[in-house]
Amino acid sequence: TALWEGEILLRDSGEYPLEVFSKDKASNSKSRKILNLEVIPLGFVYNKENNDRITGSQITLYVFDEKSSSWLVWGGGEFNQNNPEKTNEAGEYEFLVPPGIYRLEVRASGFENFKSSDIKTVKNHLINAKIQLIEKKGFLNNLIRSFKR
């Protein structure tokens, strides 16, 4: 009936009780706990050497297509999600996906590319792995890193 409407914004992961409070014109009030909301942490990309989060990493999610027996870039637009996506200022990312078999690929300047093993989901699922990247070695990368510091 669209009689009641609300918006909930929870920034930190954890469990939160959802409670409803109502008051009528005669000042009768009632409160009732409806359920607990679980906020799951986002995935993130970080530097193996110093544990710093890596911002601006490009993360591409692939889905296995049984019809063609091949890996395709997952069509996130159908679910209001970008794919590929870039990690935010805290190095975080997320994908909420339907059942399927998925793989992640991560690219970041100055780091070796990362490819995950298969991620199989049997129901709607949040892909939020902690991804460790290894810095590329070599003269040019060392020079670039020294200018960034």
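Residues numbered from 1 in each chain as written. Predicted model: local features only at pLDDT ≥ 70, side-chain atom pairs only at ≥ 80, totals over all residues. Heavy atoms only, no water.

Examining the overall build of the protein
At step 1: When you go through the protein residue by residue, the secondary structure sums to one helix and 13 strands.
At step 2: Its helices and strands in sequence order give the protein the pattern β-β-β-β-β-β-β-β-β-β-β-β-β-α, from N to C terminus.
At step 3: For the protein, the residues scored as buried account for 26% of the 149 residues in total.
At step 4: Counting every atom, the protein has about 11200 Å² of accessible surface; 50% of that belongs to carbon and sulfur. (Helix = DSSP H or I, 4+ residues; strand = E, 2+ residues; numbered from the N terminus. Buried < 20%, exposed > 50% of the residue type's maximum accessible area, 1.4 Å probe, protein only. Areas by Shrake-Rupley, 256 points an atom, 1.4 Å probe, with all protein chains shown as cover.)

Looking at the sheet that holds strand β13 (residues 130-133)
At step 1: Spatially, the three strands line up as an open sheet ordered β7-β3-β13, and their pairing is mixed. The sheet is open, and its two edges are formed by β7 (92-93) and β13, each paired on a single side.
At step 2: The pairing of strand β3 (residues 43-47) with β7 spans two bridges and is antiparallel. Following the sheet pairing, Gly 43 is matched in β7 by Tyr 93. (Pairing = 2+ DSSP bridges.)

Some details on the packing of aromatic side chains
At step 1: Considering all chains together, one arrives at six aromatic pairs under this definition.
At step 2: With a centroid separation of 5.7 Å and an interplanar angle of 50°, the aromatic rings of Phe 44 and Tyr 46 are classed as tilted. As far as burial versus exposure is concerned, Phe 44 and Tyr 46 are alike and both buried.
At step 3: Between Tyr 93 and Phe 95 the ring centres are 6.2 Å apart and the planes differ by 55°, which places this aromatic pair in the tilted class.
At step 4: On the accessibility criterion, Tyr 93 (1% relative accessible area) is buried.
At step 5: Here the aromatic residues Trp 74, Phe 79, Tyr 93, Phe 95 and Tyr 102 are joined through ring pairs into a cluster of three or more. (Phe/Tyr/Trp six-rings, centres within 6.5 Å; stacked < 30°, edge-to-face > 60°.)

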